[in-house]
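Here are the chains, one letter per residue:
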Amino acid sequence: MSAEPAIELAPGERIVGCAGDVEPGKMILVPVGPFGIGIFNVGGKLYALGNRCPHRGAPVCRGQITGVVVGGSPQTLAWSRDGEFLACPWHAWEFEIATGRCHAFPDIRIRTYGVRVQDGVMILSMRPAREGGE
Amino acid sequence: MSEPVVDAGVHPLPARPDDLLEYLPTAYRTRPLPGVHRYLYPAPTGEPPFGEYLAATRGGAALPASDPSTVSRHLASQGIDRAVLLPLTRGIVPDVELGSLICAATNDWLVDVWLGNGAASPFRGSIRINPHDPEGAVREIERLGDHPMMVQVAVPLEAHSPYGQRHYRRIWEAAATYELPVAIHSDGGCGVDLPPTPNGYPRSYIEYLVLMPLNFIYHLSSFIAEGVFERIPGLRVVFADGGHDMLHPLMWRMNEDWAPTRMEIPWVRRLFSDYLPEHVRMFTSGLEGPIDPMIWPDWFQRTDGDRLLMFASNYPHWSATDPTSAVAGLDEAARRRVLCENARDLYRRLG
């Protein structure tokens, strides 16, 4: 008999899938908590965001994974940080996936959670890493 | 009034309509200028030809508000110790050079007739410039920008495109370089102006009176959306026909969908309304304030009136207001802000 790898879970943590379940540039929605939590893979790093937009409560994780337009000079538009932002499906507010921070209103954030990979499994911490605020 | 009042908007006139001719280059002295009485919407308030003006200022051979000592006495009687003179240029003229020369002549006349008595005089001036001639406008600001009695640059509310657009930008940069706010006031004349409303010409004076000042919103949204205030942090704009009562509902509309549409204007970094305290001031206007005076102090407070509003009488026009009525119902601190401190903060050369 081979020994099962022992995975130690901290309080509030749970196993939500396998390490390869979220491909780069994608999101999976985990049905936990009142709204669900989206786990995003941005260039190989995993981030977890609550599926509730702090603006009007939309299921924000179902929005488009995108970049942001930044201003050039004089008044030209440039595309920046493709794949690092999430645009809410209701009002298109843009949020930085890594921090949950709203691009237009930096004081407003989506609630973020810890997510880690150990021994090939994906572990989500249900304790918010940071409260979303309005 | 406990403290000396600043009147941010007085409109002086030449004694005779043709007085400006002597301030024009010789080659232009045969040219007819836009007349003081050439006016699409004359106010139906009195006997011609001075229906535009307060009864007390009419009569005599000279135009109203054309004699500095008379105006000075009037100001003193109202407790006003500084008045910013904002002469009108009576509409956009199709000849761009003539338009700029009328501005320069107006400025020279103002310096000559009104601004010669030194710092103790109640009068301070506005540098008229022609925004349709950006090069000439910049030259005119450079010519007079250091004049110790000039406290602002003035342009018409009437324009052929909104003032945030890029062909105007060097004008605003020049004004900011000289630390001169830019006052935007309806010229009210009869030039090659666009219609006073986006839907054309209203029929009556009352429609013109109420609707024309609201054109400020097109310039304001343009200044913000084009990123002018981000590019020129020192620019201060004064909307000199009033409209403060409409300002905040319009800002609500602009704020609401800025976030989802900001990718079109990424140089705008804040809510539209967040630019107001730093960059925008409004004149008081006799049209504003609810009919129920009990509501007014609350609306004033909610709409940041004590930071944004400056008293301006609009003298000698028939609709001129006095300092007392402009701040009726407000507490003492707010009265001081509106009647004196906001203008003194904005116009550094009031003396």
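In this convention, every chain numbers its residues from 1, walking through the sequence in written order. Going through the entries in the order they are written, you letter the chains from A and number the ligands from 1. Two thresholds apply to this predicted model, a pLDDT of at least 70 for residue-level local features and 80 or more for giving and counting side-chain atom pairs, whereas whole-chain, interface and lining totals are computed over all residues. Here the side-chain values reflect all heavy atoms present in the structure, with hydrogen atoms and water set aside.

Draft legend 1. Geometry of the side chain of Ser222 of chain B. Mapped onto the elements, Ser222 of chain B comes out in helix H6 (residues 216-225). As used in this structure description, the phrase polar contact means that two N or O atoms lie within 3.5 Å; if the pair is within protein, one of them must be able to donate a hydrogen and the other to accept it, and residues adjacent in sequence are counted only when both atoms belong to side chains. Within the structure, the side chain of Ser222 of chain B is placed 2.8 Å from the backbone nitrogen of Gly164 of chain B, a separation counted as a polar contact. By definition, any uninterrupted DSSP run of H or I lasting at least four residues is a helix, any uninterrupted run of E lasting at least two residues is a strand, and each is numbered from the N terminus.

Draft legend 2. How the structure looks around the confidence of the model for chain B. Confidence of the predictor in every single residue is expressed as pLDDT, which spans 0 to 100. Mean pLDDT over chain B works out to 93, with 98% of the residues at or above the 70 mark. Confidence estimates for the predicted assembly give a pTM of 0.89 and an ipTM of 0.72.

Draft legend 3. Focus on the interface of chain B and chain A. A contact between two residues is defined here by any heavy atoms of the two lying within 4.5 Å. On the chain A side, the residues contacting the 14 residues of chain B number 18 residues. The term buried area denotes the loss of accessible surface (1.4 Å probe radius) that occurs when two parts are joined, taken as the sum for both partners. Buried surface at the junction of chain B and chain A, both sides included, amounts to about 1,300 Å², of which 54% is carbon and sulfur. Criterion for a salt bridge: a side-chain nitrogen of Lys or Arg within 4 Å of a carboxyl oxygen of Asp or Glu. Summed over the shared surface of chain B and chain A, the number is 2 salt bridges. Across the pair Glu256 of chain B and Arg56 of chain A runs a salt bridge, and its minimum N-O distance is 3.6 Å. No other element matches the 3 residues that helix H9 (residues 258-261) of chain B contributes to the side of chain B that touches chain A. Three categories are distinguished: nonpolar for Ala, Val, Leu, Ile, Met, Phe, Trp, Tyr, Cys and Pro, charged for Asp, Glu, Lys and Arg, and polar for the others, with Gly belonging to the last. Along the lines of polarity and charge, the residues of the side of chain B that touches chain A split into 7 nonpolar, no polar and 7 charged.

Draft legend 4. Region of interest: the sheet that holds strand E1 (residues 5-10) of chain B. Residues and elements named next belong to chain B. With parallel pairing, the 8 strands of this open sheet are ordered in space as E1-E2-E3-E4-E5-E6-E7-E8. At either end of the open sheet lies a strand with only one pairing partner, and these are E1 and strand E8 (309-310). In this scheme, strands are said to pair when DSSP sees at least two bridges between them. As paired elements, strand E2 (residues 80-85) and strand E3 (residues 123-128) share 2 bridges and run parallel to each other. Looking at E3, one finds that Val84 is bridged to Arg124.

Draft legend 5. Looking closely at the packing of helix H3 (residues 134-144) of chain B against helix H4 (residues 169-177) of chain B. Residues and elements named next belong to chain B. At their nearest, the axes of H3 and H4 sit 9 Å apart, and the two run at 5° to each other. Relative to H4, H3 is oriented roughly parallel. Where H3 approaches H4, its residues Pro134, Glu135, Ala137, Val138 and Ile141 are matched on the opposing element by Arg170, Ile171, Ala174 and Ala175. Along the lines of polarity and charge, the residues of the contact of H3 with H4 split into 7 nonpolar, no polar and 2 charged. Between the N-to-C directions of two axes lies an angle of 0 to 180 degrees, each axis being a line fitted to C-alpha atoms and, for a helix, fitted only over the stretch in contact. Here the angle decides the label: under 35 degrees means roughly parallel, over 145 means roughly antiparallel, 65 to 115 means roughly perpendicular, and every other value means oblique.

Draft legend 6. Representation of the nonpolar core. For the purposes of this section, nonpolar cores are sets of buried Ala, Val, Leu, Ile, Met, Phe, Trp, Tyr and Cys residues that join through side-chain atoms within 4.5 Å. Classification of residues uses two cut-offs on accessible area relative to the type maximum, computed with a 1.4 Å probe and protein chains only: under 20% is buried, over 50% is exposed, and between them is partly exposed. Within the largest apolar cluster, 106 residues are counted, with the highest numbers of intra-cluster contacts made by Phe105 of chain A together with Trp172, Ile184, Leu220, Phe223, Phe229 and Leu235 of chain B. Setting aside residues up to four positions removed in sequence, Phe229 of chain B forms contacts with Leu220, Phe223, Ile224, Leu235, Val237, Tyr275, His279 and Val280 of chain B. Counting 17 residues, the second-largest nonpolar core is a separate cluster that includes Val6, Val238, Phe283 and Tyr347 of chain B.

Draft legend 7. Region of the structure containing the pairing of E1 of chain B. Residues and elements named next belong to chain B. Judged by how many residues are buried, E1 sits mostly within the fold: 6 of 6 residues are covered. Where E1 and E2 come together, 4 bridges link them in parallel fashion. Along E2, the bridge assignment pairs Val10 with Leu85.

Draft legend 8. Inspection of the environment of Val153 of chain B at higher detail. All names here are of chain B. As for its position among the elements, Val153 is in strand E4 (residues 150-156). Counting along the chain gives 91 residues from Val153 to His244, while the straight-line C-alpha distance between them is 21 Å. In this view, Val153 contacts Ile127, Ile129, Ile141, Ala175, Leu180, Pro181, Val182 and Ala183; residues no more than four positions away in its chain are not counted.

Draft legend 9. Region of the structure containing helix H14 (residues 332-346) of chain B. Residues and elements named next belong to chain B. The span you would expect from a helix comes to 1.5 Å times its residue count less one. Given a rise of 1.5 Å per residue, 15 residues ought to cover 21 Å, and the 20 Å separating the end C-alpha atoms of H14 matches this to within 8%. The reported bend at a residue is simply the angle between two axes, fitted to the 7 residues ending at it and to the 7 residues beginning with it. Taken as a whole, H14 carries its principal kink of about 50° at Val338. Here H14 starts with a cap whose side-chain oxygen sits 3.2 Å from the backbone nitrogen of Ala333, and that cap is Asp331.

Draft legend 10. Quick peek at the pattern of salt bridges. Residue and element names in this part refer to chain B. For the structure shown, the criterion picks out 20 salt bridges over all chains. A salt bridge links Arg307 to Asp304, with the shortest nitrogen-to-oxygen separation between them at 3.1 Å. For Asp304, a relative accessible area of 18% puts it in the buried group. Between Glu332 and Arg336 there is a salt bridge; the shortest N-O distance is 4.0 Å. With Glu332 and Arg336 both in helix H14 and 4 residues apart, this pair spans about one turn of that helix. Glu332 gets classed as partly exposed once you look at its relative accessible area, which sits at 38%.

Draft legend 11. Summary view of the packing of aromatic side chains. Stacked, tilted and edge-to-face are the three classes assigned to paired rings of Phe, Tyr and Trp, where Trp is represented by its six-membered ring and a pair needs centres within 6.5 Å; plane angles under 30 degrees give stacked, over 60 edge-to-face, the rest tilted. Under the definition given, this model contains 15 aromatic pairs over all chains. With centroids separated by 4.9 Å and ring planes inclined at 45°, the aromatic side chains of Trp93 of chain A and Phe105 of chain A adopt a geometry described as tilted. In this pair, Trp93 of chain A is assigned in the loop between strand E6 (77-87) and strand E7 (94-96) and Phe105 of chain A in the loop between E7 and strand E8 (112-118), connecting sequence segments 12 residues apart. Assigned by exposure class, Trp93 of chain A and Phe105 of chain A land together as buried. Relative to Trp172 of chain B, the ring of Tyr163 of chain B lies with its centre 5.4 Å away and its plane at 80°, an arrangement referred to as edge-to-face. Overall, Tyr163 of chain B belongs to the buried group, its relative accessible area being 0%. Here Trp172 of chain B falls in the buried class, since its relative accessible area comes to 0%.

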